[in-house]
Structure formats: C-alpha cells, structure tokens
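If you want the building blocks of each chain, they are given just below.
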Amino acid sequence: MHMLKPLRASRPSAPLGGTITVPGDKSISHRALMFGALAVGETRISGLLEGEDVLRTAAAMRSLGGEVTQDGPGAWRVSGRGVGGLVEPVDVLDMGNSGTAARLLAGILASHPFFSVMTGDASLRRRPMRRVTDPLAACGARFASREGGRLPLAIEGAREALPLEYRVPVPSAQVKSALLLCGLNAAGITRIEEPEATRDHSENMLRHFGAEVMVEHAGATRIISLTGQPHLRAADVVVPGDPSSAAFAVVAALLVPGSRVRVEGLGLNPLRCGLFTTLREMGASLDVENARIEGGEPVGDLVVSHSILRAVDVPWDRAPSMIDEYPVLAVAAAFATGTTRMLGLKELRVKESDRLTATAALLSANGVKVEIIGDDLIVHGSGGAPLGGATVETHMDHRLAMSALVLGLAAQTPVSVDDGSFIDTSFPGFVSLINGLVGNGEVPAITQA
Ligand code: S3P
C-alpha cells in the first residue's frame, strides 16, 4: 500500500541563503550504471543520485548479472560483463516511476538474446513505450505489451542484432539513448538522426567508455553514428549536480525577497540549460562561477539572487533543453509582470503525469490566470504574489510536487500537495534542503500537512 505524504509550504520567516549542492544528475546516474554494467572492468561512480528511479536501474543491472555495490553515500562500483554479456533475469524487472530507466533498458534488452519482462508503477504503466519498441524491433527483437504499447512489456531480444538507422520523430533523449544502447551489441554502424538536439549524455559517456561515436550536423539536425560491438572499458564517472533539481532551489531564491543562494558543482551541459537562459531573459540575476569540465561534462557553480521578473516568449525549439523545467518555470512566470508564452509543449503530456494539464491546474487552483492553447502554456503573471491556498494534486509526479511547494514559499497563503512522496524519485532531501536555506533556528517553511 502506498502511503500518501501530504506537505505544505509557506512563506519562510527569513530569506533563503547559503551554499548548497543538489543530488547527482538523474540522466547521468542511470547511464553510469548501465554503461558500467556493459563495460569490462570496475567502474567507480561518485555523486550518484540515490533517488528511487536510479535505485531501480541499479537493481535491474544486478538482475542482469552486473555486480553493483554501494561503498558510501553516492560512491558506487559496477563490475561489468562486457557488451552483449548480460544474462537473462529470473524475474520481472520493476522500473518503478522511471521512464528513463524503462526506455533505456528496453534498448539494452532488445539486443541481448534472452527473454525478459519489464513493469513499473501506475504512472509508468500509463506512459507510451512504442516510441522505443517500434524502432527497436528493426534490430530483430520482439515485443509484446499491453494495449497501446503500455507496460508490462515482454521482450525477446535479438539473437544477432542488426544495426538500426532511424530518424527520431519526437525530440527525445530517451529514444535516442535506447537505440544507441541497442546498437552497442549490433554488428555495424547504428545511425540516428535527431531533428532537434536533445541532451547528449549518452554520446559523451559512450566516448568516455571508449566507444566510437561520431556526431555530424546538417542544419539543426544531429546525425549520430555508433560503431557496434566496441570493447567498452570501465571508466570512473563523477556525476555533477542535477540542473533539473537545482531548478527548484533557483526559482525559490528568485521568488523569495532578499534571497541569495549558491549552488556548487552543478551540471551545466548546454543541452540542459534552457531554464537558466529563459530566467536570465526574464531578468533573473544568475551568475556562473568556476566553469570547468569534469568527466566530459560542463560543470560550474551558480549564484542566484532574488529578482523582479518580466514575462517572455519561450520558443518551441528551446523545449528539449528544459523539458523537465516547465512546471517550475510556469511558477516563476506567475510572479512575473506580463504574459509568458511557453510554446510547443506536446511532450509534456507524456511525462510522469500529463504535465501540461497538471501545471495549468496547479496554477489556476492557486489564483493564477493560465491557458492552454494547442500545445502552448500561457501564464498571465500579475507582477506580484499569487493568492495560493490550494491543495495541489500531484498525480505521482515529483516535479509537480516540488513546483507547487516552491509556489507556496512565495504565494500570499500556504500551498499544500496531496502527496510529496514521489519527490524521492529524483530529489531525496528536497524538504530539508529548502528548510536549511531558511536557516537553523527559523520556522521550517515546508512541513507535513
Ligand atoms: C531524459 C530525457 C527526457 C527527460 C527525462 C530524462 C534522459 O525525457 O524528460 O527526465 O535521461 O534521457 P524524453 O527523452 O522523453 O524527453
């Protein structure tokens, strides 16, 4: 039985201040465990996100024969079995709430010659899987699923996988990565075209583990070629802080008067930084310090101070670089002066919840004027604090829960969420981190409701 965890956020008794780190990047954490299990030798990972989503990937890699050990907080070791060396799992693989875990794993399983079954929680069992199973079938794998391609999904992996050639029709790093993972155990070149660039952590990490990956550009299109059956060798991975998690602390600091927060060791891959670009256009004071490259990924410290925000139009082609950040950007837009138009958000409908509808509902329940026109989200900011006061339905979606709580930190009256338990999928420690920014000895701003 799932235990609901209602939470409530109110205006803090002091501005937010201090230096923090946020948990490790979710995308990079999943990939480090997966590539580690496919490499020969021992991969050491530091800063791994220990959220429930990533722990599902760790458990799945163990079920497939990888040796996955935790040495300390964030410090993990994976002894891999080499490309093509995973073994048939004896039971169903349960990927919990994680679309990334499920879709990337489907790619691995498609090119391993054994049978497996994957399932997930009620949210994941509603999400579309055909976007990966349709193109993966061309390698010779066979899939059987519930109606509409929904989990549970049974997979009969290809005996000798063929390399794939595919133009990804939706901007999705998960689809791209599933095809690359499949291509690792196919003889020949896997070639993927993406009309809009999506996060390139898989490409970066494949190179880091010794695979041959080429990226060419034809206008906005990226063409990625992977040479199959490489000898992947274990490599150490330093996981940077997750910009998608930092987003909540950043917007909270922008909205609570007098705040100044420094986030250290943050991943700043340009294909993930659309939110920061947009917030700057809105007038946010956001400065990067100590920019550096760590483990093939751009990293830096971000200093954010309370700012008066103005509305902007967010172009559709920025969406892939901030796809997980729209709910919290919509919260920021509610405080801005003027009408913010966030364009081209079709993909938000197939996240952990229908985030387009749920984000609009979150705002309008708290007194913000909001519209959905086609796939665009339009927020009419009043230039002041919205009324607040509602209990927001979070639909098993961690980012909706955190966005609603950030709203509650600056709205006129407290905001509650029906269930904050899913926050642990990506951001364990979120509540204590925010309360810590209010300060020791102050009244906690987020409490059990
Ligand atoms: C992710 C890709 C994105 C994002 C998700 C993580 C990844 O999903 O929403 O949180 O790690 O590849 P899509 O590829 O479905 O856009």
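If you're wondering where the values come from, they're calculated on a predicted model, not measured in any experiment.

Points about the pattern of salt bridges
Item 1. Per the counting criterion, the structure on display carries 28 salt bridges.
Item 2. A salt bridge links Glu-203 to Lys-176; the nearest nitrogen and oxygen atoms lie 2.8 Å apart. With Glu-203 in helix 6 (residues 201-208) and Lys-176 in helix 5 (residues 173-184), the pair connects residues that are 27 residues apart, well separated along the chain. For the residue pair Glu-203 and Lys-176, the accessibility class agrees, reading buried in each case.
Item 3. Salt-bridge contacts for Arg-399 lead to Asp-324; the nearest nitrogen and oxygen are separated by 3.7 Å. Here the residue Arg-399 occupies a position in helix 11 (residues 398-410), and Asp-324 occupies one in the loop between strand 18 (313-314) and helix 9 (326-335), the gap between them amounting to 75 residues.
Item 4. The class for Arg-399 is buried, based on a relative accessible area of 2%.
Item 5. By sharing partners, the salt bridges in this structure join Arg-127, Arg-199, Asp-324, Glu-352, Arg-355, Asp-397 and Arg-399 into a single network.

Details of helix 11
Item 1. For helix 11, the tally of buried residues reaches 13 of 13 residues, placing the bulk of the element in the interior.
Item 2. For helix 11, the side-chain oxygen to backbone nitrogen distance between the N-cap and Arg-399 is 3.0 Å, and the N-cap itself is Asp-397.

Observations concerning the packing of aromatic side chains
Item 1. Using the criterion set out here, one finds 3 aromatic pairs in the structure.
Item 2. With 6.3 Å between their ring centres and 80° between their planes, Phe-248 and Phe-430 make a pair best called edge-to-face. Residue Phe-248 is found in helix 7 (residues 243-255), and its partner Phe-430 is found in helix 12 (residues 430-438); the two are separated by 182 residues along the sequence. The same class applies to Phe-248 as to Phe-430, namely buried.

A short note on the packing of helix 10 (residues 355-365) against helix 11
Item 1. In contact at an axis separation of 11 Å, helix 10 and helix 11 are set at 20° when each is read in the N-to-C sense. As the angle between them shows, helix 10 and helix 11 are arranged roughly parallel. Once helix 10 is placed against helix 11, the crossing between them reads as right-handed. Contacts between helix 10 and helix 11 involve Arg-355, Ala-358, Thr-359 and Leu-362 from the first element and His-398, Arg-399, Leu-400, Ser-403, Ala-404 and Leu-407 from the second.
Item 2. When its residues are assigned to classes, the contact of helix 10 with helix 11 shows 5 nonpolar, 3 polar and 2 charged.

Observations regarding the domain arrangement of the chain
Item 1. The domain architecture assigned to the chain consists of domain 1 (7-24 + 240-448) and domain 2 (26-238).
Item 2. For domain 1 versus domain 2, the separation of C-alpha centres amounts to 29 Å.
Item 3. With 27 residues of domain 1 at the interface, the matching set in domain 2 holds 28 residues.
Item 4. Summed over both partners, the interface of domain 1 with domain 2 comes to about 2400 Å²; 50% of that surface belongs to carbon and sulfur atoms.
Item 5. Of all residues in domain 1, the largest losses of buried area upon contact with domain 2 belong to Leu-271, Pro-320 and Thr-425, amounting jointly to 22% of the total for that side.
Item 6. The partner of Glu-347 in a salt bridge is Arg-131, with the nearest N and O atoms 2.9 Å apart.
Item 7. At the surface where domain 1 touches domain 2, the tally comes to 14 residue pairs in polar contact (both at pLDDT 80 or more).
Item 8. Its residues assigned to classes, the side of domain 1 that touches domain 2 shows 10 nonpolar, 6 polar and 11 charged.

As for the environment of Asp-418
Item 1. With respect to the element layout, Asp-418 can be found in the loop between strand 23 (415-417) and helix 12.
Item 2. Counting along the chain gives 51 residues from Asp-418 to Gly-367, while the straight-line C-alpha distance between them is 18 Å.
Item 3. Apart from the residues within four sequence positions on either side, Asp-418 is in contact with Leu-4, Lys-5, Pro-6, Thr-391, Val-392, Glu-393 and Thr-394.
Item 4. Engagement of the side chain of Asp-418 in a polar contact is seen with the side chain of Thr-394, the distance being 2.7 Å.

Brief notes about the pairing of strand 4 (residues 67-72)
Item 1. Pairing of strand 4 with strand 5 (residues 75-81), which is carried by 5 bridges, proceeds in the antiparallel orientation. The residue bridging Gln-70 from the neighbouring strand is Trp-76, located in strand 5.

Remarks on the sheet that holds strand 10 (residues 165-167)
Item 1. Ordered in space as 10-11-13-12, the 4 strands form an open sheet in which the pairing is mixed. Pairing within the sheet leaves two strands with one partner each, and these edge strands are strand 10 and strand 12 (213-218). Direction aside, neighbouring strands of the sheet carry axes that sit 15° apart on average.
Item 2. Relative to strand 11 (residues 189-194), strand 10 runs parallel, the two being bridged by 3 bridges. Following the sheet pairing, Arg-167 is matched in strand 11 by Glu-193.

Notes on the environment of Leu-151
Item 1. For Leu-151, the position within the fold is in strand 9 (residues 150-156).
Item 2. Overall, Leu-151 belongs to the buried group, its relative accessible area being 0%.
Item 3. In sequence terms Leu-151 and Gly-283 are 132 residues apart; their C-alpha atoms lie 43 Å from each other.

A short note on the environment of Ile-189
Item 1. Structurally, Ile-189 can be placed in strand 11.
Item 2. Exposure remark for Ile-189: the relative accessible area of 45% places this residue in the partly exposed category.
Item 3. Linking Ile-189 and Leu-226, residues 37 residues apart in sequence, is a C-alpha distance of 5.5 Å.

A short note on the site of the ligand
Item 1. The environment of the ligand is made up of Lys-26, Ser-27, Arg-31, Thr-100, Pro-171, Ser-172, Ala-173, Gln-174, Arg-199, Ile-323, Asp-324 and Lys-351.
Item 2. In the complex, the protein chains occlude 96% of the 380 Å² of accessible area that the ligand would expose alone.
Item 3. Residue assignment for the shell around the ligand shows that the elements contributing at least two residues are helix 1 (26-38) and helix 5.
Item 4. The greatest single-element share of the shell around the ligand, amounting to 3 residues, is contributed by helix 1.
Item 5. Residue classes in the shell around the ligand are distributed as 3 nonpolar, 4 polar and 5 charged.
Item 6. If you count residues domain by domain, the shell around the ligand takes at least three from each of domain 1 (7-24 + 240-448) and domain 2 (26-238).

Cut-offs used in this document
- Residues numbered from 1 in each chain as written.
- Predicted model: local features only at pLDDT ≥ 70, side-chain atom pairs only at ≥ 80, totals over all residues.
- Heavy atoms only, no water.
- Salt bridge = Lys/Arg side-chain N within 4 Å of Asp/Glu carboxyl O.
- Helix = DSSP H or I, 4+ residues; strand = E, 2+ residues; numbered from the N terminus.
- Buried < 20%, exposed > 50% of the residue type's maximum accessible area, 1.4 Å probe, protein only.
- Polar contact = N/O pair within 3.5 Å; in protein donor to acceptor, adjacent residues only side chain to side chain.
- Phe/Tyr/Trp six-rings, centres within 6.5 Å; stacked < 30°, edge-to-face > 60°.
- Axes fitted to C-alpha atoms, helices over the stretch in contact; angles between N-to-C directions.
- Parallel < 35°, antiparallel > 145°, perpendicular 65-115°, else oblique.
- Left-handed = near helix turned anticlockwise from the far one by under 90°.
- Contact = heavy atoms within 4.5 Å.
- Nonpolar A, V, L, I, M, F, W, Y, C, P; charged D, E, K, R; others polar.
- Domains from an automatic or database assignment.
- Buried area = accessible area lost by both parts, 1.4 Å probe.
- Pairing = 2+ DSSP bridges.
- Near = heavy atom within 4 Å.
- Areas by Shrake-Rupley, 256 points an atom, 1.4 Å probe, with all protein chains shown as cover.

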